[in-house]
Amino acid sequence: MYDPSQLRTFLAVAQTLSFTRAARRLGLRQSTVSQHVRRLEDAAGRRLFSRDTHSVELTEDGEAMLGFARRILEVHEQASAFFTGTRLRGRLRFGASEDFVLTRLPEILEGFRHDHPEVDLELTVELSGTLHERLAAGKLDLVLAKCRPEDPRGELVWHDELVWIGAERLRLRLEPDRPVPLIVYPPPGITRALALEALERQGRPWRVVCTSGSLSGLIAAARAGLGVMAHSRGLVPPGLVPMSERAGLPELGAVDFVVVHGRRRPAAQDAADALAAAILGGGDRLHRGRG
């Protein structure tokens, strides 16, 4: 009833909320993406997206289709692997950004390990900037990380706005005429760089109150009310909230979350392709219904 290619296109649009970005990710023309979505909506007899010239949003039926699409594609790929007799093997060096520590990425990795038990998966959790450096040096085969929207690397998992976040009680104490107390990753953290650039453009004074390479460390400092941190709107940790406009903090812009392949090692290429497909297919789980 449902064409796998149309389901993959649907997932790409649902994750990016953009027909243009979905087309870029899939290597299709935008008209083809629109056609796939229209045919899937015809097959379901329901509208899956509400869209106008400015925005694309999932309808309630579209939200329901997300789960069905993932499961249908998962079973489809399992059946294909079974009947073609292909079994992936080898060592796959995968790097994931600290941003995903509190998401449902472990579920995606668990599903990958279940489907490909003979792949030796080595996981590295680091800052996005560090992961990109290690990938370029040939020390990783695949990474899931942040990058600036203008960066051409990788396949887009989703696009998100950055916001200032902190403890609820801090919203009432952050004075516009005082230096901003910053909680930041060390260099080469991408959110660190974007936060400092935004404050410099505004001419707003700041001071670093906490530096940590661990997201858990940053969250602990923020929950304690020590300061504010720049973070993806779709990944705001429990216990923290976006800062009030009264604080006068500058806009931070956006980031892209992407999967990027490293140098193609024959022993890891098929496994990297399979894990990338699993992440792209289940990317909405990384910023929807966490916990």
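Just above, that's the structure.
Scope of this entry: the structure provided in the associated data block. Please read these numbers as outputs of a predicted model, since none were measured by experiment. (Residues numbered from 1 in each chain as written. Predicted model: local features only at pLDDT ≥ 70, side-chain atom pairs only at ≥ 80, totals over all residues. Heavy atoms only, no water.)

### A few points about the pattern of salt bridges
Applying the stated criterion to the full structure yields ten salt bridges. Among the salt bridges present, the one from aspartate 61 reaches arginine 46, with a minimum N-O distance of 3.0 Å. In this pair, aspartate 61 is assigned in helix α4 (residues 60–84) and arginine 46 in the loop between α3 (30–44) and β1 (49–51), connecting sequence segments 15 residues apart. Put simply, glutamate 122 and arginine 91 hold a salt bridge, and the shortest N to O gap is 3.3 Å. Taken together, the residues span a long stretch of sequence, with glutamate 122 in strand β4 (residues 119–126) and arginine 91 in strand β3 (residues 90–97) at a distance of 31 residues. (Salt bridge = Lys/Arg side-chain N within 4 Å of Asp/Glu carboxyl O. Helix = DSSP H or I, 4+ residues; strand = E, 2+ residues; numbered from the N terminus.)

### Overview of the packing of helix α1 (residues 4–16) against α4
For the pair α1 and α4, the least separation of the axes is 10 Å and the interaxial angle reads 135°. When the interaxial angle is binned, α1 and α4 end up oblique. Two packed elements cross with a definite hand, and for α1 against α4 that hand is left-handed. Touching Pro4, Leu7, Arg8, Phe10, Leu11 and Ala14 of α1 are Gly62, Met65, Leu66, Ala69, Arg70, Ile72, Leu73, His76 and Glu77, all from α4. For the contact of α1 with α4, the per-class residue count stands at ten nonpolar, two polar and three charged. (Axes fitted to C-alpha atoms, helices over the stretch in contact; angles between N-to-C directions. Parallel < 35°, antiparallel > 145°, perpendicular 65-115°, else oblique. Left-handed = near helix turned anticlockwise from the far one by under 90°. Contact = heavy atoms within 4.5 Å. Nonpolar A, V, L, I, M, F, W, Y, C, P; charged D, E, K, R; others polar.)

### A short note on the environment of aspartate 61
Relative accessible area serves as the criterion here: at 29%, aspartate 61 is assigned to the partly exposed category. Counting along the chain gives 222 residues from aspartate 61 to glycine 283, while the straight-line C-alpha distance between them is 18 Å. Each residue touching aspartate 61, except ones within four places of it in the same chain, is listed here: Arg46, Arg47 and Leu48. (Buried < 20%, exposed > 50% of the residue type's maximum accessible area, 1.4 Å probe, protein only.)

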